[in-house]
Amino acid sequence: MRAIEDAAAVCRRGFETGREDLFNEGDDAFHSAIATASHNMFLQIAVREARRLQAQSAIIGLRGSVGGHAAKAVEEHEAIHQAIRAGDPEAAAHAAAAHIDATLDDYRKEIQQRLFSPAG
């Protein structure tokens, strides 16, 4: 629980100070801490691969960190953390699904904007 809580706090601090590096550090640590705490090898591998793909997308400029979805992500992380802390797996699953859906939606919007915006 401490690793999840600390990672969420680092992510929030990165957002509040506009430090993308700190936000990303906390975001990585948050997702990794949850996967580790699950003791579920499938989830650990899935999170590691999702984070790898997210890092690769940053190389081509698809980044939703300190701008974009970051404020919402910080709140979504808090909802996930609180549900885990309360021992409520249904609420944790719901909060995690909402976070994944919102992140995916942000990536979709960014890709659509890049594909269908007039060249400037």
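Scroll up to find the structure.
Keep in mind the model is a prediction, meaning the values are calculated, not measured.

Colleague: Just checking my understanding: could you explain the overall build of the chain for this structure?
Modeller: Summing up its helical and strand segments, the chain has 5 helices and 0 strands in all. Out of the 120 residues belonging to the chain, those deemed buried represent 29%. Considering only intrachain contacts with a sequence separation of at least 6, the fraction spanning at least 24 residues in the chain is 63%. Entry remark: accessible area of the chain is about 7700 Å², with carbon and sulfur atoms responsible for 59%.

Colleague: For this particular structure, what's the right way to read a nonpolar patch on the surface?
Modeller: On the surface, Ile111, Leu115 and Phe116 cluster together to form a nonpolar patch covering roughly 350 Å² of accessible area. Relative to the helices and strands, leucine 115 is located in helix 5 (residues 89–116). Given a relative accessible area of 61%, leucine 115 falls into the exposed group.

Colleague: What is the right way to read helix 4 (residues 70–85) from this model?
Modeller: Turn by turn, an α-helix covers 3.6 residues, leaving residues three or four places apart pointing in a common direction. Its 16 residues place the ends of helix 4 22 Å apart at the C-alpha level, agreeing with the 22 Å of an ideal helix rising 1.5 Å per residue. Those residues of helix 4 lying buried are Ala70, Ala73, Val74, Glu76, His77, Ile80, His81 and Ala83. Residues of helix 4 that are buried in the fold lie against helix 1 (2–17), helix 2 (20–38) and helix 5. Backbone geometry just downstream of helix 4 places glycine 87 in the positive-phi region, at approximately 70°.

Calculation rules
- Residues numbered from 1 in each chain as written.
- Predicted model: local features only at pLDDT ≥ 70, side-chain atom pairs only at ≥ 80, totals over all residues.
- Heavy atoms only, no water.
- Helix = DSSP H or I, 4+ residues; strand = E, 2+ residues; numbered from the N terminus.
- Buried < 20%, exposed > 50% of the residue type's maximum accessible area, 1.4 Å probe, protein only.
- Contact = heavy atoms within 4.5 Å.
- Areas by Shrake-Rupley, 256 points an atom, 1.4 Å probe, with all protein chains shown as cover.
- Patch = residues over 30% accessible without salt bridge, like charges linked within 9 Å, V, L, I, M, F, W, Y side chains within 5 Å.
- Salt bridge = Lys/Arg side-chain N within 4 Å of Asp/Glu carboxyl O.
- Expected span 1.5 Å × (residues − 1).

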